[in-house]
Amino acid sequence: MTKLLQRIEVTLRSFYIFNSSYGQTEGEEYKKILYYHPNDIELNTKIKDVGLSEAIITFTRTFTSDDDCKALHTQKTTQLFYQPEPGFWLVLVLNVPKEIKSKDGIEVAEYRGSEVCDRIYHSVLRQFYYIYRFQYGTLQDNALALNGDAVQLAKKIQEFFDKIIATRQQLAPCDIIDMLHSIQYLPLGKALFLRAHNFSRMLSATFPVLKECIMLHNDLVVCGGKLSSVDLYSLHAYILDNVLESCSAPVLARSSSPSGSSDNYQKGGFVNNVPDEPPLKVQVTLDADLKPHYLLIYRVLNVTLCLFIDAENAPPKHEFYDDVHTYMGSQLISLARDIATEVSKQNLAALAPTSSNSTTDCSPKYLFINEQSLKHHTNVDRHAKGQQSIPRNVMNLIADLANEPTNIDGAAAATEELQVKTTNDFWIVKRRCNWRQYYVILSNSKATLLDVTQEAKRIFEQELTDDVFFDK
Amino acid sequence: MEIEQTPTNVATSDTNSTSEYLDAEGESDPDEGVADGVDEQDDYYQEQEREAEAQRHSIISELRGELGTRTGNALSPDPGAESGQSKDLAASVESLALSASASVKTEDSGNTVDDEPDHDYQNDSAWCGQKKHIFILSEAGKPIYSLHGSEDKLVTLFGVIQALVSFVQHSQQDAITSIHARGIKFVFIQRNSLILVAASRTNMSVQQLQRQLSDVYNQILSTLTYSHMSKIFEKRKNFDLRRLLSGSERLIYNLLSNDSSSKRVSNNVFDFLTNSIRVFPLATSTRSNIISAIQANCSKIKDLVFAVLIANNQLIALVRMKKYSIHPADLRLIFNLIECSQSFKTYENWTPICLPIFDKNGYLHAHVSYLAEDCQACLLLLSVDRNAFFTLSEAKARITEKLRKNHCLDAINEGLQQPYNDAKLYEQVLSVPELRHFLYKPKTTAQLLCPMLRHPYKSLEEFERLEAVYCNILHRIHNNARPLKLIYEVREREIVLAWVTATYELYAVFEPIVDKATVIKYVDKLIKWIEKEYDVYFIRTHATF
């Protein structure tokens, strides 16, 4: 008779970055390790771990010339590998979920390695790299700038990643949204959407030095401009981490009220960590090349505006800030107010009918992903607990079924339709067409295949018709 | 006697034989170019060796075990013992960055005298690009088997594998399960001092590859028995198991070539994927006649555990002792043995065989023979008594007599001659033209029904695609972490349905343009037909003596 005593979810065991070319000589192996978390482990163990990863990578090279080792599964851990630039490897090591059962009085640990969905965590690993690259540029460039000094490079990486890891310890709830690096856009009515769009276009036209302008409302994107999806995701993550939460950043407000409390964005102002110094430089790909740009952040009410200026120019002066502020201040304030009103109307509308359904979770959930713009649209509440949340195996299944974003110049994406029933009586219906994926999740145990198809069709038609007016 | 002879014949080719053990290596290399007498000696030697294994007390096997130890410590590079080719190997060893673990350079006596320079497998793109590689090595790094290429030339690779496995085992108390890279998967299992590795570009999932490696391990056990192997490895960790396995490589090869990676188009792979066996379709009356013939003639024989009648890789009848039954994995080994051995057709054979799941520690003795010259069905009578050959031989003769009188032999022959496996099934399948192929497995028995492969799956390419489709849905349905009950997938080239109910599992492939309601209708029709004809295609319970 076995009884489940305890279940421990996926946890981060270690995360490290190494480059084999830095520690070729005997006695200098520690130089290979550019970053290792947790830091308080003995150096020898770190070297051994890195050595094992290197050995696995070399072993796979025996059989395939593609330098693309992805994962190592052992009984207790899962290691994921990612090589963003030749020679530099990022490795994420996870402890797999563990269940402690008592069999005839003895405690036995059972490792559920197959519950870890590789693809999801591989994406999480890629995210780490992209966030780093967003702020500091490629590792290669950094290494060149420091003249190949591994120790210096390691220090720089360490400062950055220690912060990042601290905020991302929670790995268990990662799911398909993380996997595809997609972002939820703010659903706006046509008129408002066009207004916001026009606004950013006019701003760029009036100030030609502004290469790009991205607008966010709270944490949802309003218009994404031409920024690539990867960069947009990194920008979004950056804003979430640093801007929306930082209550202590002084406000570089010129013609409005003095600094005061940062909640006071009534009149709008630029956000800059240290006044009188050049603004933050980030690396984004506009015009097909990864180049440094200055990032200026302007906030008013709940709207955040991100402006990109090519870093080859001199950093903008105070007058520039003033000009921009004067130009757009009032327009943006009224736009922000209108968006806020619309959003609160939507929220009220959404709340009302679901109040009667809140106790049952039979209402179908859907998820729509546009592969080309990596935009998603869903009524799945990812952080809901208990009754409301979707069981983990269903979310993992969707991750299994999802197609990774493919090259747009590749062959036309296959058209597919799929219905799947799980052992806990959830139905997942998936349709894929024209680089768009739609998923509907139903939890009706009595439904037959045909019923489910009908229901899914109804939802497709009802919820997912307003594709036309989204960006890109 | 044999021991003394072989060294004198073969040692002449190796001037540097510091110990007699090299003779044993030499015999497995047919291009020796020494006295012709050696070849015959080898065959005879191998036959003898199998008998010796059975008896387990043979001086030969003890001696062979003894000789095995002098192959040198696996961990210390010892180039002096070989004839110099190993020096090339030493130069081409990649140094691992494992500073803590012992770097295993197993340049030991695995290298025989080669008449060609070491084949550098790592640069041989044909070898690297093979769809499926299977490697078997002992825990000490000794090569035992490689599906492609000669295993004694892969010593460095095996050393690397052994080092990886032992590093993870000892420093992290963990065990490697699999490695994934783009386009290729590596699966590792460890059983009783053997490490088995599969490197596969096929569509099989990790669990399916693990099952395949288990099958190979069972095949090895089938030749050697678990207790024998454990004893050997307990005594000498770096024993070279190849010596005991010479002759059974063809069995392993055949077992592994059931799927499309060996370019064969057949239904055999589905047996493996669903972990079941196929049954020879016969009318109920015929089958029960056969069974009663066997029962009548065998029930007086004590120690007879199983009687298995097979034709064309399908089971005709199985009669068993009460309380005992055969697992499908064991039956696969038996099928494999019959398929591989042409010699069974002409003579009656008496061979020891171990069924690992039934009893991994002992040998059953099998009387194997084909029923008659004109009937290609093979009868195996498995007994625990090793002196029962003549009794069983008589029993077989009587059974054949009886079957001939009942016209059962004719019925079997008729079944064998059908080009399409079975006329009724063929008709049924044709009546639903959009149904291209299906697999039906009832939950209560480990048996499978599948129709013959027809257009478009007769070509190798399409067959590979079909196999990929089945591997995929079987994996998704039976996934440990996220099993499913139903999959209905509309793809570009076919509609795939997988359905698991309380009584059966059904996997079917349809034309891509059929709509859902029609698919459901066809499936219902098929299920009804199968249930009507159930006893022709499935054996509900196996009869007992």
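Residues numbered from 1 in each chain as written. Chains lettered and ligands numbered in written order. Predicted model: local features only at pLDDT ≥ 70, side-chain atom pairs only at ≥ 80, totals over all residues. Heavy atoms only, no water.

Turning our eyes to something else, we now look at the interface of chain B and chain A. If you look at the interface, chain B gives 48 residues, while chain A gives 49 residues. Taken over both partners, the interface formed by chain B and chain A buries close to 4300 Å², and the fraction arising from carbon and sulfur atoms is 63%. Inspection of the region where chain B meets chain A yields 2 salt bridges. Where Lys485(B) meets Asp425(A), a salt bridge forms, and the shortest distance between an N and an O atom there is 3.1 Å. At the junction of chain B with chain A, the criterion picks out 18 residue pairs in polar contact (both at pLDDT 80 or more). Elements with a contribution of two residues or more to the side of chain B that touches chain A: helix 6 (125–128), strand 1 (132–138), helix 7 (155–172), strand 3 (176–181), strand 4 (184–191), strand 14 (484–490) and helix 19 (516–532) of chain B. (Contact = heavy atoms within 4.5 Å. Buried area = accessible area lost by both parts, 1.4 Å probe. Salt bridge = Lys/Arg side-chain N within 4 Å of Asp/Glu carboxyl O. Polar contact = N/O pair within 3.5 Å; in protein donor to acceptor, adjacent residues only side chain to side chain. Helix = DSSP H or I, 4+ residues; strand = E, 2+ residues; numbered from the N terminus.)

Turning our eyes to something else, we now look at the UniProt feature "domain: FUZ/MON1/HPS1 third Longin" (unreviewed entry) in chain B. Taking the numbering used here, the UniProt-annotated feature "domain: FUZ/MON1/HPS1 third Longin" (unreviewed entry) corresponds to residues 434–533 of chain B. With 35% helix and 30% strand, residues 434–533 of chain B has its two end C-alpha atoms placed 21 Å apart. (UniProt positions renumbered as here; feature names shortened; annotations may be inferred.)

The next thing to look at is the domain arrangement of chain B. Residue and element names in this part refer to chain B. According to the domain assignment, chain B contains domain 1 (2–33 + 114–259), domain 2 (278–416) and domain 3 (423–537). Measuring from the centre of the C-alpha atoms in domain 2 to the corresponding centre in domain 3 gives 31 Å. Taking both sides of the interface into account, the surface hidden between domain 2 and domain 3 amounts to around 600 Å²; carbon and sulfur atoms contribute 66%. Considering only the surface of domain 2 that becomes buried against domain 3, Arg278, Val279 and Pro281 emerge as the three largest contributors, covering 60% of it. There are 0 salt bridges connecting domain 2 and domain 3. The interface formed by domain 2 and domain 3 contains 2 residue pairs in polar contact (both at pLDDT 80 or more). (Domains from an automatic or database assignment.)

Turning our eyes to something else, we now look at the nonpolar core. Core analysis: the biggest nonpolar cluster contains 65 residues, and Leu194(B), Ile220(B), Met229(B), Leu241(B), Phe270(B) and Tyr470(B) have the highest contact counts within it. Not counting residues within four places of it along the chain, the set of residues in contact with Phe270(B) comprises His437(B), Leu439(B), Leu448(B), Phe463(B), Leu466(B) and Tyr470(B). (Core = buried A, V, L, I, M, F, W, Y, C linked by side-chain atoms within 4.5 Å. Buried < 20%, exposed > 50% of the residue type's maximum accessible area, 1.4 Å probe, protein only.)

Attention now goes to the packing of aromatic side chains. The final tally for this structure, using the stated rule, is 35 aromatic pairs over all chains. Ring centres 5.8 Å apart and planes at 45° place the aromatic pair Trp529(B) and Tyr537(B) in the tilted group. Overall, the relative accessible area of 2% leaves Tyr537(B) in the buried class. Every member of this aromatic cluster is reached through a ring pair, and the members are Phe15(A), Tyr35(A), Phe128(A), Tyr132(A), Tyr136(A), Phe160(A) and Phe161(A). A cation sits over an aromatic face here: Arg211(B) above Phe272(B), 5.8 Å from the ring centre. Over the ring of Tyr226(B) we find Lys360(B); its NZ or CZ atom is 4.2 Å from the centre of that ring. (Phe/Tyr/Trp six-rings, centres within 6.5 Å; stacked < 30°, edge-to-face > 60°. Lys NZ or Arg CZ within 6 Å of the ring centre and 35° of its normal.)

Let's shift gears to empty space enclosed by the protein. Residues and elements named next belong to chain B. The final tally for this structure, using the stated rule, is 11 cavities of 30 Å³ or more. Counted as a void, the largest cavity has a volume near 100 Å³. Contributing elements (two or more residues each) for the lining of the largest cavity: helix 12 (268–274) and helix 14 (328–340). Examining the composition of the lining of the largest cavity, we find that 4 residues originate from one element, helix 14, more than from any other. Looking at side-chain class alone, the lining of the largest cavity contains 2 nonpolar, 4 polar and 3 charged residues. (1 Å grid on protein atoms, 1.4 Å probe; cavity = no way out; pocket = protein on both sides within 12 Å on 5 of 7 lines; lining within 4 Å. Points joined across faces, edges and corners; volume = space filled by probe spheres on them. Nonpolar A, V, L, I, M, F, W, Y, C, P; charged D, E, K, R; others polar.)

Residues and elements named next belong to chain B. When pLDDT is averaged along chain B, the result is 76, and 77% of the positions lie at 70 or above. Note that pLDDT drops below 50 for residues 1–117; the model gives that stretch 142 contacts with residues more than four away or on any other chain. The ipTM, which scores confidence in the relative placement of chains, is 0.80 for this predicted complex, and the corresponding pTM is 0.78. (pLDDT = per-residue confidence, 0-100.)

This part takes up the domain arrangement of chain A. How big an interface is tends to be stated in terms of the accessible area lost upon association of its parts. All names here are of chain A. By the assigned domains, chain A splits into domain 1 (2–174), domain 2 (190–354) and domain 3 (365–467). In this assembly, 10 residues from domain 1 lie in contact with 15 residues from domain 2. Considering only the side of domain 1, the residues that lose the most area to domain 2 are Arg133, Phe134 and Gln135, jointly responsible for 58% of the buried surface there. The tally of links between domain 1 and domain 2 comes to 1 salt bridge. Across the pair Arg133 and Asp231 runs a salt bridge whose closest N-O atoms are separated by 3.9 Å. Remark: the boundary between domain 1 and domain 2 carries 1 residue pair in polar contact (both at pLDDT 80 or more). A class-by-class count of the residues in the side of domain 1 that touches domain 2 yields 4 nonpolar, 4 polar and 2 charged.

Our focus in this paragraph is the packing of helix 8 (residues 206–224) of chain B against helix 9 (residues 226–235) of chain B. Residue and element names in this part refer to chain B. Helix 9 packs onto helix 8 with a crossing angle of 90° between their chain directions and a minimal axis gap of 7 Å. Here helix 8 lies roughly perpendicular to helix 9, going by the angle between them. In contact with Tyr217, Ile220, Leu221 and Leu224 of helix 8, helix 9 contributes Tyr226, His228 and Met229. For the contact of helix 8 with helix 9, the residue count by class is 6 nonpolar, 1 polar and no charged. (Axes fitted to C-alpha atoms, helices over the stretch in contact; angles between N-to-C directions. Parallel < 35°, antiparallel > 145°, perpendicular 65-115°, else oblique.)

A few words on helix 18 (residues 460–477) of chain B. When the terminal C-alpha atoms of helix 18 of chain B are compared, their 26 Å separation across 18 residues agrees well with the 26 Å that a helix rising 1.5 Å per residue should span. Turning to helix 18 of chain B, its buried residues are Glu462(B), Phe463(B), Leu466(B), Glu467(B), Val469(B), Tyr470(B), Cys471(B), Ile473(B), Leu474(B), Arg476(B) and Ile477(B). (Expected span 1.5 Å × (residues − 1).)

Let us look at the sheet that holds strand 10 (residues 364–372) of chain B. All names here are of chain B. Reading across the sheet, the 6 strands line up as 9-10-11-7-8-17 and stay open at both edges, with mixed pairing between neighbours. Across the chains shown, the open sheet's two edge strands, defined by having one partner strand only, are strand 9 (349–353) and strand 17 (543–544). For strand 8 (residues 314–320) and strand 17, the ladder comprises 2 bridges, and the chain directions are parallel. Looking at the pairing, Arg320 lines up with Thr544 of strand 17. (Pairing = 2+ DSSP bridges.)

Trans peptide bonds make up most of the peptide bonds, and negative phi angles are found at most residues other than glycine. Residue Pro38(A) is bonded to the preceding His37(A) through a cis peptide linkage, with omega at 0°. Note on placement: Pro38(A) falls in the loop between strand 3 (33–37) and helix 1 (43–63). At Asn275(B), a residue that is not glycine, the phi angle is positive and equals roughly 55°. With respect to the helices and strands, the residue Asn275(B) is situated in the loop between helix 12 and strand 6 (277–278). Given the relative accessible area of 23%, Asn275(B) is considered partly exposed.

The subject of this paragraph is the environment of Val265(B). Residue and element names in this part refer to chain B. Among the structural elements, Val265 can be located in the loop between helix 11 (249–256) and helix 12. Distance from Val265 to Leu364, taken between C-alpha atoms, is 33 Å for residues 99 residues apart in sequence. Discounting chain neighbours no more than four positions away, the residues touching Val265 are Leu453, Tyr457, Lys458, Ser459, Leu460 and Phe463.

Once that is clear, we can look at helix 13 (residues 284–298) of chain B. Residues and elements named next belong to chain B. With 15 residues, helix 13 ought to run about 21 Å at 1.5 Å a step, and its terminal C-alpha atoms sit 21 Å apart, in line with that. The complete set of buried residues in helix 13 reads Thr286, Arg287, Ile290, Ile291, Ala293, Ile294, Asn297 and Cys298. Buried residues in helix 13, looked at end-on, bunch into an arc of 155°, giving them a common side. (Arc of directions from axis to C-beta.)

Attention now goes to the packing of helix 11 of chain B against helix 14 of chain B. All names here are of chain B. Across the interface, helix 11 lies against helix 14 with an axial gap of 9 Å and an inter-helix angle of 110°. The pairing of helix 11 with helix 14 is recorded here as roughly perpendicular in orientation. Two packed elements cross with a definite hand, and for helix 11 against helix 14 that hand is right-handed. Seen from helix 11, the contacting residues are Arg250, Leu251, Asn254 and Leu255; seen from helix 14, they are Leu333, Asn336, Leu337, Glu339 and Cys340. For the contact of helix 11 with helix 14, a count of residues per class yields 5 nonpolar, 2 polar and 2 charged. (Left-handed = near helix turned anticlockwise from the far one by under 90°.)

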